[in-house]
Every structure is written in structure tokens, then in C-alpha cells.
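One letter stands for each residue in the lines below.
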Amino acid sequence: QELYDHIVVGEGELIFLDILEKVEAGETIPEHILRHPKEQRIDLDSMPWPDYSDLPLELYRLGTSVGSEISRGCVAKCQFCSETTFWRYRGRLATNIVDEIEYQYKTFGVRTIWFIDSLVNGNLNELRAFARGVVEKGMTDLHWVGYCRNDGRMDLDYFQDLKASGCDMLNFGVESGSQRVLDIMKKNVKREAVEQNLHDITTAGISAFTNWFVGFPGEERQDFADTMTLMWRTRRTNIAGYAVQTCN
């Protein structure tokens, strides 16, 4: 406790604001660990937009780049992931996101958005509405990247809409090329959808970063071979990089 004043567990915005207000008012805060109730979900549309007026973005190597957030949590319940216990999924309205990006675009000259979500496509309709909104606002030189789930409902037309809005790269958690292992993981993804997504984004002109791991409980040699086969079948797609790990 000599090393810190307070620790906030969970979503920190409301608690951290309360801490600052109490410090400014000279009030004592007896708790060292403050917890955000899991059942209380912050409404992301109600949060104020980041204010970069006191931050000289031009001094940074990626000076026209900022972070943003479409959603929190994940719509999946993958067995290996802590995401569903840490966050409860909720997303923002596309109109709110577009308005924020337009404000940053016009006010601070922001041209690249790094979406920090666990997945930008938790709500496919809102993501597409965001993409079309960016185009309608005329932000033709905007660029953005984000994490994404493989989903068979995303076809070539869908990816072309994302590309038109400035999507440069999507980071996919593929995990395995074995349908049996994907089912054990409860990924709720079909191997065919993974392959089709990678081919469609290539046609659309979007790059991909892919994440894989081996050694999930129940995986066998044939499953490993299936993963290698999927990697081979997608070797000529726009995969800009692979992160390959072992399950631990």
C-alpha cells in the first residue's frame, strides 16, 4: 500500500472521476481498492469524446493517429478467453461514433483511428452503418484498423463497404484451422467462414493479421494438420502477419 494510493478494478471511468473530484475537494478516500460492480455497465454513448486540445499530436511519430472504441466486451463465449468475465458486451450507435470521428478529424486533423475494442464487428449492422457514415461525411482520407471475429455473414460487399470507409487492416483471432477444435473452443465459427473472410478481404483490398495457437485441450495431430492446411490454403491472401502461440 506504500506504492499506490488507489487501485480501480473493472471499468474505471466513473470511479476515477469520483476519486479526482474527492481529491480536489480535500476529502479522504479510505478505500485502497475500489471495484466497479460487474452488473453495472457504462453506457458508452454517454461518455464524452476524448479532448486532445492540450496534447501536441504533431510531436508524435503517428501524430494524426488516436484511439477510439466502438464497443466493450465480446459477443462470443470462447472457452479460453477471459473477456466475457471481465466485460459485458455493449456497443455504441454508429451515429455517435461517426460524430466523434468527424470531430477529431476536423478539430485535430486526425486521419488514423486505432479501434481498441476486442472486436469491432460485435454488431455487424452498426459497423456497416459506421462505415457508410464515414463515406457520407466525405472523410475520404481516413484510415482505421481493429480487431475482428471471423463471421460468415460478412461477404465481399460488406468488406468493400469497410474498405471504402478507410479500413486498412483487421486483426482476426482465427486460433485453429480444425473445425473440431473450433467447436471444442466454442468459437461459434466455421472453418469455411475463416477462409472465405480472408479471400474476400483480399479482393476488397484490406490486409489481415491473424492469431493462432496450438495445444488446446483435446487437440490431436490431425487437428494440427488441419490448421497447417488452412494456413496453406490462405497463403496468397492479404495476411500481413501471423502470431502463433501455444495454449497456456
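Details of the structure are given in the entry above.
Peer 1: Would you mind going over a nonpolar patch on the surface with me for this structure?
Peer 2: There is a patch of nonpolar side chains on the surface, built from Ile7, Val9 and Ile33 and spanning about 210 Å² of accessible area. Here Ile33 lies in strand 2 (residues 33-35). On the basis of relative accessibility, which here comes to 42%, the residue Ile33 falls in the partly exposed class.

Peer 1: Could you clarify how one ought to interpret helix 1 (residues 13-24) in this entry?
Peer 2: Each full turn of the α-helix corresponds to 3.6 residues, which orients residues three or four apart in the same direction. For helix 1, built from 12 residues, the straight-helix expectation of 16 Å at 1.5 Å per residue is met to within 8% by its first-to-last C-alpha distance of 17 Å. Phi turns positive one or two residues past the end of helix 1, at Gly26, with a value near 75°.

Peer 1: Got a minute to help me understand the packing of helix 5 (residues 156-164) against helix 7 (residues 191-204) in this structure?
Peer 2: Two packed helices can be described by the angle between their axes and the distance between those axes. Orientation of helix 5 relative to helix 7, taken along the N-to-C sense of each, is 45°, at an axis distance of 9 Å. The orientation of helix 5 relative to helix 7 falls into the category oblique. For the pair helix 5 and helix 7, the crossing hand works out as right-handed. Across the interface between the two elements, Leu156, Phe159, Gln160 and Lys163 of helix 5 pack against Asn197, Asp200, Ile201, Thr203 and Ala204 of helix 7. Partitioning the contact of helix 5 with helix 7 into residue classes produces 4 nonpolar, 3 polar and 2 charged.

Peer 1: So what exactly am I meant to see when it comes to the pairing of strand 7 (residues 143-148) here?
Peer 2: Each regular strand displays side chains that alternate between the two surfaces of the sheet. Looking at chain direction, strand 6 (residues 112-115) and strand 7 are connected through 3 bridges and run parallel. Bridge pairing links Thr112 to His143 in strand 7. Of the strand pairs in this sheet, strand 7 and strand 8 (residues 167-175) are connected by 5 bridges, and their pairing is parallel. When the bridges of strand 8 are listed, Cys148 appears paired with Phe172. With respect to chirality, the unit in which strand 7 leads through helix 5 into the neighbouring parallel strand 8 is right-handed.

Calculation criteria
Residues numbered from 1 in each chain as written. Predicted model: local features only at pLDDT ≥ 70, side-chain atom pairs only at ≥ 80, totals over all residues. Heavy atoms only, no water. Patch = residues over 30% accessible without salt bridge, like charges linked within 9 Å, V, L, I, M, F, W, Y side chains within 5 Å. Areas by Shrake-Rupley, 256 points an atom, 1.4 Å probe, with all protein chains shown as cover. Salt bridge = Lys/Arg side-chain N within 4 Å of Asp/Glu carboxyl O. Helix = DSSP H or I, 4+ residues; strand = E, 2+ residues; numbered from the N terminus. Buried < 20%, exposed > 50% of the residue type's maximum accessible area, 1.4 Å probe, protein only. Expected span 1.5 Å × (residues − 1). Axes fitted to C-alpha atoms, helices over the stretch in contact; angles between N-to-C directions. Parallel < 35°, antiparallel > 145°, perpendicular 65-115°, else oblique. Left-handed = near helix turned anticlockwise from the far one by under 90°. Contact = heavy atoms within 4.5 Å. Nonpolar A, V, L, I, M, F, W, Y, C, P; charged D, E, K, R; others polar. Pairing = 2+ DSSP bridges. Right-handed = clockwise from strand over helix to strand, strands pointing away.

Note that every value here comes from positions in space, so none of it alone points to a role or purpose.
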